[in-house]
Amino acid sequence: MFIKRRQQLFAAMSDNSAAIFVAAEEQTRSRDTEYPFRQDSDFFYFSGFNEPNAVLLLIKQGDTQRSVLFNRRKDKLAEIWQGRRLGQEQALASLEVDKALAIEDMAEHLHLELNGLSKLYMAQGRYPAYDQQILAAVELLRNGLRHGWQAPSVIEDWRPIVDEMRLIKSAEEVALMRRAGEISAAGHCRAMRSCQVGMWEYQLEAEIHHEFLMAGARSPAYGTIIGAGENACILHYTENHSLMEDGDLVLIDAGAEYQMYAGDITRTFPVNGKFSEPQAKLYNVVLSAQLAALEMIKPEVSIYQINQVVLNIMVQGLVDLGIMQGEVSQLIESEAYKAYYMHGLGHWLGIDVHDVGDYHDVKRSRPLQPGMALTIEPGLYIPHDADVPAEYKGMGIRIEDDVVVTEQGCEILTADVPKTIEEIEALMAS
């Protein structure tokens, strides 16, 4: 899979050029402890290598295409304290690169690998310390005329090329995302079965993370959101430290990361297992909009077009419930609905939970294509101080699924989590 991606990138690169990718750095948590390491998404996309302090160089010269990896040396003492290292010899076999050199010696070798090339592709600004080393190698070549050296004369950002590659998922990627969706769904089902009045939000978070870990997803794909009551109206609420009370809805936005691919699901359900009548009415507005959106997904339809249908359903529902007043078309045109629906309908999904890829414009009018993966997540959030009927105040509802666009429509990767009122109440009662 990684070799195929390198070949695809080589095909898009100019002749006599090199593309350079840098691994993520370890991040200090406090003093001499680090956060769990998470590899740079683009570096991993082409290497499959999960260690810090590494650089991958992909070189294209005529019909010759080769890969050079700079990575950490084997070090017995460091490995006793901090874990195994692949080293150079093992990298040749495990990663199928053409050459592996010690990262500690990169200053001695990098300029020689770049010598004679016309163009260098790099993502300047992402890892400034490595930018300095790379540009120092280029400058060394510029000053090496007496050695017969030639420096690349053009530096170009590889992100537009790579982002387009990553936007269309291969069959292997869809399989990994399907598994991420299954694990994420199992976590949400566990939360519904476990939820009780008097639990703390973080206890429900623990149930979800336990399910992820037991299935081999070592971490969530992003900060898990467990928002009960008014907390559900905070879109990226991650404190998860409130008591869940009788009569509350709880909004859970959580996804597992499986082999670097993200799941991203949101479900909203009653803490006591039974929707009240006002909760059910507002919930069904969001559910109707989400189901309509899923029905529309197919090639050549845009997120923008789908969101227009979603807006009509949700604004009409808000008018019917007395939360908004006026003509639906005018409320949409004036964007009055943004008081209650202030985010977009969805986003690209993949190795990053908010994955790379051009939407074409702020409206997200790019036509969908087979292989694109995205979320569909309409929501309504009624602030506690809103001038609306009292029974809807402080209520936040979002319903989110992950989909991959197919030739005929879409595959819903997260369909294992119930989302109708009847299904949710039945699962919680069980």
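Looking at an unreviewed UniProt entry, the protein chain carries the name Xaa-Pro aminopeptidase, with the source organism given as Agarivorans gilvus. As stated in UniProt under Cofactor (unreviewed entry), the record for the protein chain gives "Mn(2+)". In UniProt, the protein chain has this text filed under Catalytic activity (unreviewed entry): "Release of any N-terminal amino acid, including proline, that is linked to proline, even from a dipeptide or tripeptide."

A few points about the overall build of the protein chain
From N to C terminus, the protein chain includes 13 helices and 19 strands. Counting the 430 residues in the protein chain, one finds 53% classified as buried. Summarising the internal contacts of the protein chain: among those between residues at least 6 apart in sequence, 70% fall at separations of at least 24. Carbon and sulfur atoms form 48% of the exposed surface of the protein chain, whose accessible area is close to 19,500 Å².

Description of the pattern of salt bridges
Using the criterion set out here, one finds 30 salt bridges in the structure. In this structure, the salt-bridge partner of Glu164 is Arg366, at a minimum N-O distance of 2.8 Å. Within this pair, whereas Glu164 is found in helix α7 (residues 159-167), its partner Arg366 is found in the loop between α12 (328-333) and β15 (373-376), the two being separated by 202 residues in sequence. When its relative accessible area of 34% is taken as the criterion, Glu164 is described as partly exposed. Judged by relative accessible area, Arg366 falls into the buried class, the value being 8%.

A short note on the nonpolar core
Within the largest apolar cluster, 115 residues are counted, with the highest numbers of intra-cluster contacts made by Leu9, Phe21, Leu204, Leu282 and Ile323. Not counting residues up to four positions away in its chain, the partners in contact with Ile323 are Leu282, Leu318, Tyr340, Ile382, Val388, Pro389 and Tyr392. Within the second largest apolar cluster, 25 residues are counted, among which are Ala18, Ile20, Met106 and Leu120.

Here's the deal with helix α13 (residues 421-429)
Those residues of α13 lying buried are Ile421, Ile424, Glu425, Leu427 and Met428. Projected down its long axis, α13 shows its buried positions confined to an angular sector of 165 degrees, all on one face. α13 presents Glu422 and Ala429 as exposed residues on the side facing more than 90 degrees away from its buried surface. Where α13 is buried, its residues meet α8 (171-194), β14 (265-270) and α10 (277-296).

Structural notes on a nonpolar patch on the surface
A cluster of nonpolar side chains, namely Leu77, Ile80 and Trp81, defines an oily patch on the protein surface of about 430 Å² accessible area. The residue Leu77 is located in helix α3 (residues 76-82) in this model. We classify Leu77 as exposed; its relative accessible area is 55%.

A word on the side chain of Arg6
Note on placement: Arg6 falls in helix α1 (residues 2-12). Asp98 is the oppositely charged side chain nearest to the buried, salt-bridge-free Arg6, at an N-O distance of 6.5 Å. When neighbours within four sequence positions are excluded, Arg6 is seen to be in contact with Phe46, Ser47, Leu58, Ser67, Leu95, Glu96 and Val97.

Some words on the state of the cysteines
Covalent bonding between the sulfur atoms of two cysteines defines a disulfide. A complete count under the given rule lists zero disulfides for this structure. We note that Cys233 lacks a disulfide partner, and the nearest cysteine sulfur, in Cys195, lies 17 Å from it. Overall, the relative accessible area of 23% leaves Cys233 in the partly exposed class.

Describing the packing of α8 against helix α9 (residues 201-214)
Between α8 and α9, the shortest axis-to-axis distance is 8 Å and the interhelical angle comes to 145 degrees. Crossing hand, α8 versus α9: right-handed. Contacts between α8 and α9 involve Ile183, Ser184, Ala186, Gly187, Arg190, Ala191 and Ser194 from the first element and Leu204, Glu207, Ile208, His210, Glu211 and Phe212 from the second. Split by residue class, the contact of α8 with α9 holds six nonpolar, four polar and three charged.

As for unusual backbone geometry
At Glu300, a residue that is not glycine, the phi angle is positive and equals roughly 80 degrees. Along the polypeptide, Glu300 turns up in the loop between α10 and α11 (303-320). With relative accessibility at 57%, the residue Glu300 sits in the exposed group. Positive phi, normally seen in glycine, also occurs at Glu335, with a value near 60 degrees. The topology assignment puts Glu335 in the loop between α12 and β15.

With respect to the packing of aromatic side chains
For the coordinates displayed, the defined rule picks out nine aromatic pairs. Here Phe2 and Phe44 contribute two aromatic rings whose centre-to-centre distance is 5.5 Å and whose plane-to-plane angle is 85 degrees, an arrangement assigned as edge-to-face. Within this pair, whereas Phe2 is found in helix α1, its partner Phe44 is found in helix α2 (residues 41-47), the two being separated by 42 residues in sequence. For Phe2, a relative accessible area of 21% translates into the label partly exposed. For the ring pair Phe21 and Trp158, a centre distance of 4.5 Å and an interplane angle of 35 degrees mean the geometry is tilted. Of this pair, Phe21 sits in strand β1 (residues 17-22) while Trp158 sits in the loop between β8 (154-156) and α7, and the two are 137 residues apart along the sequence. Trp158 carries the same exposure label as Phe21, and that label is buried. Here a set of aromatic residues connected by ring pairs shows up, and it is made of Phe21, Tyr45, Phe46 and Trp158.

Cut-offs applied
- Residues numbered from 1 in each chain as written.
- Predicted model: local features only at pLDDT ≥ 70, side-chain atom pairs only at ≥ 80, totals over all residues.
- Heavy atoms only, no water.
- UniProt positions renumbered as here; feature names shortened; annotations may be inferred.
- Helix = DSSP H or I, 4+ residues; strand = E, 2+ residues; numbered from the N terminus.
- Buried < 20%, exposed > 50% of the residue type's maximum accessible area, 1.4 Å probe, protein only.
- Contact = heavy atoms within 4.5 Å.
- Areas by Shrake-Rupley, 256 points an atom, 1.4 Å probe, with all protein chains shown as cover.
- Salt bridge = Lys/Arg side-chain N within 4 Å of Asp/Glu carboxyl O.
- Core = buried A, V, L, I, M, F, W, Y, C linked by side-chain atoms within 4.5 Å.
- Arc of directions from axis to C-beta.
- Patch = residues over 30% accessible without salt bridge, like charges linked within 9 Å, V, L, I, M, F, W, Y side chains within 5 Å.
- Lys, Arg positive; Asp, Glu negative; His and termini not counted.
- Disulfide = S-S within 2.5 Å.
- Axes fitted to C-alpha atoms, helices over the stretch in contact; angles between N-to-C directions.
- Left-handed = near helix turned anticlockwise from the far one by under 90°.
- Nonpolar A, V, L, I, M, F, W, Y, C, P; charged D, E, K, R; others polar.
- Phe/Tyr/Trp six-rings, centres within 6.5 Å; stacked < 30°, edge-to-face > 60°.

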